[in-house]
Amino acid sequence: MHPHNRKKEGVYVPLLAGSPPLSSARQPGQGQPMQRRTSPAPEYRRGPPGPRSKNPAATIAPGQPIPAGRQRDKFVPLPDEDGDAQFAPSFPTPQIFEDLPSHTIEDTSIRGRITLYCLAESFDRKKLDELLKLTYPSGTVLSYPDCFYVDYLKSTDDDPGGDIFFFDYGVVACWGMTKSQEMTVVRGIARQVQVQPLPDNKPELDEFQYNFSVTEKPHVQNDTVTLHKRYMKEHKMKLAISYALAQSTKLSVYEKRVVDIVLETKNLPESLAETGEVDVHSNDIAKLIGKVFLQKSAVNLLSSVLDTPEFFWHAPDSYSSLYNRVDEYLELEARVELLNSRFSVLQEMLDMLRDHQNNYHNVRLEWIVIWLIVIEVFVGFFELLGLVGLVGSQ
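All of these numbers come straight from a predicted model, not from anything done at the bench. (Residues numbered from 1 in each chain as written. Predicted model: local features only at pLDDT ≥ 70, side-chain atom pairs only at ≥ 80, totals over all residues. Heavy atoms only, no water.)

Novice: Quick rundown of the sheet that holds strand β7 (residues 171-175)? Include the residues and the values.
Specialist: Reading across from one edge, β1-β10-β11-β9-β2-β7-β6-β5-β4 is the order of the 9 strands in this open sheet, with mixed pairing throughout. Edge strands, defined here as strands with exactly one partner in the open sheet, are β1 (76-77) and β4 (141-144). Summarising the sheet, β1 and strand β10 (residues 219-221) pair through 2 bridges and their orientation is antiparallel. Each bridged residue has a counterpart across the sheet, and for Pro77 the counterpart in β10 is His219. Sitting on the sheet, helix α3 (residues 235-265) touches β2 (110-118), β4, β5 (147-153), β6 (162-167), β7, β9 (204-213) and β11 (224-228), and the angle it makes with β6 is about 50°. (Pairing = 2+ DSSP bridges. Helix = DSSP H or I, 4+ residues; strand = E, 2+ residues; numbered from the N terminus. Contact = heavy atoms within 4.5 Å. Axes fitted to C-alpha atoms, helices over the stretch in contact; angles between N-to-C directions.)

Novice: So what's going on with the packing of aromatic side chains? Residues and values would help.
Specialist: For the coordinates displayed, the defined rule picks out 12 aromatic pairs. Between Tyr210 and Phe212, the ring centres sit 5.2 Å apart and the planes meet at 50°, which makes this aromatic pair tilted. Phe212 matches Tyr210 in its accessibility class, with the two residues each being buried. For the ring pair Phe311 and Tyr319, a centre distance of 6.2 Å and an interplane angle of 40° mean the geometry is tilted. Judged by its relative accessible area of 8%, Phe311 is buried. Using a relative accessible area of 10% as the deciding quantity, one classes Tyr319 as buried. Taken together through their ring pairs, the aromatic side chains of Tyr144, Phe167, Tyr169, Tyr243, Phe311, Phe312, Tyr319 and Tyr323 make up a single cluster. (Phe/Tyr/Trp six-rings, centres within 6.5 Å; stacked < 30°, edge-to-face > 60°. Buried < 20%, exposed > 50% of the residue type's maximum accessible area, 1.4 Å probe, protein only.)

Novice: Give a detailed account of the nonpolar core, specifying residues and quantitative values.
Specialist: Grouped burial of nonpolar side chains is what soluble globular proteins tend to show. Counting 66 residues, the largest nonpolar core has Phe167 and Tyr243 as the members making the most contacts within it. Leave out the neighbours within four places in its chain, and Phe167 touches Phe123, Asp146, Cys147, Ala173, Leu239, Ser242, Tyr243 and Ala246. Among the nonpolar cores identified, the runner-up in size contains 21 residues, and Phe148, Met177, Met183 and Ile189 belong to it. (Core = buried A, V, L, I, M, F, W, Y, C linked by side-chain atoms within 4.5 Å.)

Novice: Let's hear about unusual backbone geometry: which residues, and what values?
Specialist: Of note, the phi angle at Asn222 is positive, near 55°, even though the residue is not glycine. Mapped onto the secondary structure, Asn222 falls in the loop between β10 and β11. According to the relative accessible area criterion, Asn222 is buried, its value standing at 11%. Located in the positive-phi region is Glu331, a residue other than glycine, with phi close to 60°.

Novice: If you had to explain the pairing of β6 to someone new, which residues and values would you point to?
Specialist: Here β6 lies mainly inside the structure; 6 of its 6 residues are buried. Alternating residues of β6 divide into Gly162, Ile164 and Phe166 and Asp163, Phe165 and Phe167, and every residue in both groups is buried. As paired strands, β5 and β6 are joined by 6 bridges and run antiparallel to one another. By the bridge assignment, Phe148 is partnered in β6 with Phe166. Summarising the sheet, β6 and β7 pair through 5 bridges and their orientation is antiparallel. The partner of Ile164 across the bridge, within β7, is Cys174. Hairpin connection of β6 to β7: 3 residues between the antiparallel strands, including Gly170 at a positive phi of 85°.

Novice: Mind laying out the confidence of the model for the protein chain, listing which residues take part and the relevant values?
Specialist: Chain-level pLDDT for the protein chain is 77 on average; 73% of the residues reach the 70-or-more range. Predicted confidence for residues 1-68 stays below pLDDT 50, and this span has 168 contacts to residues more than four positions away or in other chains. Considering only residues more than four positions removed or in separate chains, one finds that residues 83-98, a stretch of pLDDT under 50, has 25 contacts. (pLDDT = per-residue confidence, 0-100.)

Novice: Quick one: what's the story with the pattern of salt bridges, residue by residue and with numbers?
Specialist: Summed over the entire model, instances satisfying the criterion amount to 12 salt bridges. Here Glu207 ties to Arg113 by a salt bridge, and the two come within 3.7 Å at their closest N and O atoms. Of this pair, Glu207 sits in strand β9 while Arg113 is found in strand β2, placing the two residues 94 residues apart along the sequence. We classify Arg113 as partly exposed; its relative accessible area is 27%. With a shortest N-O distance of 3.8 Å, Glu328 and Arg325 are connected by a salt bridge. On the criterion of helical spacing, the pair formed by Glu328 and Arg325 is a turn pair, its members being 3 residues apart in helix α7 (residues 317-330). (Salt bridge = Lys/Arg side-chain N within 4 Å of Asp/Glu carboxyl O.)

Novice: Can you break down the side chain of Arg325 residue by residue, with the values?
Specialist: Note on Arg325: relative accessible area 13%, which makes it buried. A polar contact of 3.0 Å, which involves the side chain of Arg325, links it to the backbone oxygen of Pro77. (Polar contact = N/O pair within 3.5 Å; in protein donor to acceptor, adjacent residues only side chain to side chain.)

Novice: Explain the packing of helix α1 (residues 125-135) against helix α2 (residues 179-193) residue by residue, including any values.
Specialist: Here α1 crosses α2 at 155°, and the two axes come no closer than 9 Å. By the criterion of interaxial angle, the relationship of α1 to α2 is roughly antiparallel. Regarding α1 and α2, the two cross each other, and that crossing is right-handed. Where α1 abuts α2, its residues Lys127, Leu128, Leu131, Leu132 and Thr135 lie against Gly188, Ile189, Gln192 and Val193. Classifying every residue of the contact of α1 with α2 gives 5 nonpolar, 3 polar and 1 charged. (Parallel < 35°, antiparallel > 145°, perpendicular 65-115°, else oblique. Left-handed = near helix turned anticlockwise from the far one by under 90°. Nonpolar A, V, L, I, M, F, W, Y, C, P; charged D, E, K, R; others polar.)

Novice: Any chance you could break down the packing of α3 against α7 for me, citing the residues and the numbers?
Specialist: Two numbers describe how α3 lies on α7: the axes approach to 9 Å, and their chain directions differ by 30°. Taken together, the axes of α3 and α7 are roughly parallel relative to one another. Judged by the sense of rotation from one axis to the other, the crossing of α3 with α7 is right-handed. For the pair α3 and α7, the contacting residues are Lys236, Met237, Ala240, Ile241, Tyr243, Ala244, Leu245, Gln247 and Ser248 in the first and Tyr319, Leu322, Tyr323, Val326, Asp327 and Leu330 in the second. Residue classes in the contact of α3 with α7 are distributed as 11 nonpolar, 2 polar and 2 charged.

Here is the structure:
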């Protein structure tokens, strides 16, 4: 089948040029076709909405409603470094019009939580390193570029255990942990090393699911990451996925801040359109311009949202491919592009309001000068009348 074919319920992105969509795939053999399980779409609280496309026309202008969130039912296959043969049972090839075998591989999939918390602008890496070594046994803490890994719960053949990733830009990713265990880590570790915490100490929360299965091919859909069961103990595989998820959570913080600025300034162009005036001081406009510039520089210059993590410079290509596919599902590139478009609209609007205020101030100064000249003319006129004796003579 051609690689540009699409699934009916979502977008199909092929892994290789000749990869068919999974909805039409059959295992070789006889009997009934294997039914591919579709990951459920859990109702989780998400951050501010992201874009559906890279269309610049989708930019929010002040006062306009916020667009719908990113497409969660999109199907994106994940790379499998060992090839598709790992997932195919060894059944004889069916002849034409033959059915596939009635017996199928027993589905022993294991599901769990992936929760990400963005608590602050960053973590104090040195202090975090010391605290982790004091808190957890030796050998359970590993250091990676921009990240610390903690083997929180040991994995077994039937349990993927629990894993924690602390990212330098203030994000904690928890795999396979309960809510109470996550809160213990957030309050006992992350809160102690945070730098510039988010307002009101209210974290940005993202929730996903993992699904380790032997019958489903690796993919991500409906906020569920499906991997082969043999990767349950592979923490680097989880790290590659967590890098993309953490960047998405951090980006949600910036998206929320832009929405707050949009709501804060939406009445300004409306007032200018209705009355021709803006009841705001020039200092307030200057503060808003500075706020927009700070957020724009944080996204494009200071944060790691746009950068490919250094971990992938030395890691195998399979990890980089996995990261890129999850990045594709989360639509990070399109969301950053839309975020910069919103920054541009806000910047143009505030520049226009500043120019309007400056013109108003210049016009006011010109009228003051005109009236001073008029007064001076009248004073000179009366002085002239006094010289000729028409004014002030008895």
